[in-house]
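Geometric and topological summary
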Amino acid sequence: MSDAQRTAAQGGPEPEEIRFFGTTWVEHDGGYGLRRVGVAVGSLVLAAAGAAVLRFAFQGLEIAEVGSFVNVLVVAGFAVCSALAFRRTWDGFVRRADPSADSGAERSMQSLMMIGFIGTLLAYFCRSLAEAPGEKLRRAEYEAARERYSRRRESRAGNPAARKPKPTSKPTSTSKSKAQSKSNGTGAGSGTKAGKKRR
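These numbers were taken from a predicted model, which means no experiment stands behind them. (Residues numbered from 1 in each chain as written. Predicted model: local features only at pLDDT ≥ 70, side-chain atom pairs only at ≥ 80, totals over all residues. Heavy atoms only, no water.)

Quick look at the overall build of the chain
Quick note on the threshold: Strands here are runs of E lasting at least two residues and helices are runs of H or I lasting at least four, both read from the DSSP assignment and numbered beginning at the N terminus. In this analysis, two residues are considered to be in contact whenever any of their non-hydrogen atoms come within 4.5 Å of each other. Using a 1.4 Å probe, the Shrake-Rupley method yields the accessible areas, and only the shown protein chains count as cover for residues.
Each helix and strand counted, the chain has eight helices and zero strands in total. When the helices and strands of the chain are listed from N to C terminus, the series reads α-α-α-α-α-α-α-α. Once local pairs closer than 6 in sequence are excluded, the contacts in the chain between residues at least 24 apart make up 74%. Of the roughly 14400 Å² of accessible surface on the chain, a fraction of 59% belongs to carbon and sulfur atoms.

Dropping the structure here:
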């Protein structure tokens with residue numbers, strides 16, 4: 001059983017799952033390397049396919065003879081959206097999104113990321129070359145949560161290593177003789193009482 005499984009079994013924090021990787025990023029097991037290769041290759045192939053589709057769309061604009069200004073505007077729009085999507089996705093791998101962000105701005109950003117989907121795919125490809133996308137962020141949060149959990153456990157139960165065993169006191173010969181005299185009725189008090197009864 002790994003340290004993560006042992007901590008979770010004791011009621012501690014559990015690692016957060018990553019898309020396409022689950023919790024294999026914790027111990028780098030369960031086909032972690034193959035998953036990274038698959039995500040990198042898959043994202044690169046999808047980005048190339050998306051670029052081919054966009055190329056066909058641009059050729060359609062050229063055939064329609066809409067003008068060079070429109071062609072340049074469309075290419076620039078897709079390039080800007082792809083750059084914003086790449087930056088947004090990359091930032092999501094290294095830091096958490098601001099919970100106080102405006103919901104309207106978030107929806108508009110999602111629309112831009114859908115248009116610039118090639119940038120998102122390229123961000124996944126580049127990050128998968130080094131680690132599982134978002135692994136560094138989640139590992140730092142998980143290690144911090146485990147440290148807080150261990151400190152809470154030590155504060156509640158104390159440090160067992162610092163405790164010293166109490167010395168066990170052995171009964172002396174005097175206490176043994178007293179105990180035997182009480183049990184047999186041969187103490188001084190019992191002998192005096194017996195003499196009074198005989199008189």
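Additional details are given in the paragraphs that follow.
Some words on helix α5 (residues 117–128)
As a reminder, the rule being used: Multiplying 1.5 Å by the residue count of a helix minus one yields the expected span of that helix. Here the term buried applies to any residue with accessible area under 20% of the maximum for its type, exposed to any over 50%, and partly exposed to those in between, with areas from a 1.4 Å probe on protein chains only.
With 12 residues, α5 extends 17 Å from end C-alpha to end C-alpha; this agrees with the ideal 16 Å at 1.5 Å per step. Those residues of α5 that fall on the buried side of the exposure criterion are Ile118, Gly119, Thr120, Leu121, Ala123, Tyr124, Arg127 and Ser128. Those residues of α5 that are buried lie in contact with α2 (32–64), α3 (68–94), α4 (103–115) and α6 (135–157).

Concerning the nonpolar core
The condition that has to hold: Throughout this description, the term nonpolar core refers to a set of buried Ala, Val, Leu, Ile, Met, Phe, Trp, Tyr and Cys residues connected via side-chain atoms within 4.5 Å.
Listed in full, the 11 residues of the largest apolar core are Ile18, Phe21, Trp25, Val26, Tyr32, Val39, Phe93, Ala123, Tyr124, Ala132 and Tyr142. Counting residues per element, the ones that place at least two in this core are α2 and α5. In contact with Ala123, not counting residues within four places along its chain, are Phe86, Thr89, Trp90 and Phe93. If you look at the next biggest cluster of nonpolar residues, it comprises five residues, including Leu54, Phe58, Ile118 and Leu121.

Observations concerning the pattern of salt bridges
As a reminder of what qualifies: Between Lys or Arg on one side and Asp or Glu on the other, a salt bridge is scored when a side-chain nitrogen of the former is within 4 Å of a carboxyl oxygen of the latter.
All chains considered together, the criterion is met by eight salt bridges. Close ionic contact of Arg96 with Glu141 constitutes a salt bridge, the shortest N to O distance being 2.8 Å. In this pair, Arg96 sits in the loop between α3 and α4 while Glu141 sits in helix α6, placing the two residues 45 residues apart along the sequence. Overall, Arg96 belongs to the partly exposed group, its relative accessible area being 41%. The partner of Arg139 in a salt bridge is Glu135, and the shortest N-O contact between them spans 3.0 Å. Of the two residues, Arg139 and Glu135 are both situated in helix α6; the distance of four residues between them amounts to about one turn of the helix. In the salt-bridge network here, residues are joined through shared partners; they are Glu16, Arg96, Arg138 and Glu141.

Observations concerning a nonpolar patch on the surface
So the rule is basically this: Patches draw on residues past 30% relative accessible area with no salt bridge. Two like charges within 9 Å are joined, as are two nonpolar side chains (Val, Leu, Ile, Met, Phe, Trp, Tyr) within 5 Å.
Taken together, the side chains of Val66, Phe69, Val70 and Leu73 define a hydrophobic patch exposed on the protein surface, amounting to about 380 Å² of accessible area. The residue Val70 is located in helix α3 in this model. For Val70, a relative accessible area of 32% corresponds to the partly exposed category.

Structural notes on the packing of α3 against α5
To be explicit about the condition: Structural elements are reduced to axes, namely lines fitted to C-alpha atoms, with helices fitted over the stretch in contact, and the angle between N-to-C directions of any two is expressed from 0 to 180 degrees. By the definition adopted for this analysis, an angle is roughly parallel if under 35 degrees, roughly antiparallel if over 145, roughly perpendicular if from 65 to 115, and oblique otherwise. Left-handed describes a crossing in which the near helix is turned anticlockwise from the far one by less than a right angle; the clockwise case is right-handed. Polarity classes work like this: nonpolar for Ala, Val, Leu, Ile, Met, Phe, Trp, Tyr, Cys and Pro, charged for Asp, Glu, Lys and Arg, and polar for all others, with Gly in that last group.
Two numbers describe how α3 lies on α5: the axes approach to 7 Å, and their chain directions differ by 40°. Here α3 lies oblique to α5, going by the angle between them. For the pair α3 and α5, the crossing hand works out as right-handed. In this structure, α3 uses Ser82, Ala85, Phe86, Thr89, Trp90, Phe93 and Val94 to contact α5, whose residues at the interface are Ile118, Gly119, Thr120, Leu122, Ala123, Tyr124, Cys126 and Arg127. A class-by-class count of the residues in the contact of α3 with α5 yields 10 nonpolar, four polar and one charged.

Topic: the side chain of Ser128
Here Ser128 lies in helix α5. By relative accessible area, Ser128 is classed as buried at 2%. Those residues in contact with Ser128 that lie beyond four places of it in its chain are Arg36, Val39, Ala40 and Pro133.

Some points on the packing of aromatic side chains
Put simply, the test is: Between 30 and 60 degrees the pair is tilted, below 30 it is stacked and above 60 it is edge-to-face, where a pair is any two Phe, Tyr or Trp rings, Trp via its six-membered ring, whose centres lie within 6.5 Å.
Under the definition given, this model contains five aromatic pairs. Both rings, one in Phe21 and one in Tyr32, keep their centres 5.9 Å apart while their planes meet at 50°; by these two values the pair is tilted. Note that Phe21 is positioned in the loop between α1 (3–9) and α2 and Tyr32 in helix α2, a separation of 11 residues in sequence. By the burial criterion, Phe21 is buried, and Tyr32 matches it. Centre to centre, the rings of Phe93 and Tyr124 are 5.2 Å apart; their planes meet at 80°, and the pair counts as edge-to-face. Highlighted residues: Phe93 in helix α3 and Tyr124 in helix α5, separated in sequence by 31 residues.

Don't take any of this as a statement about function, it's just geometry.
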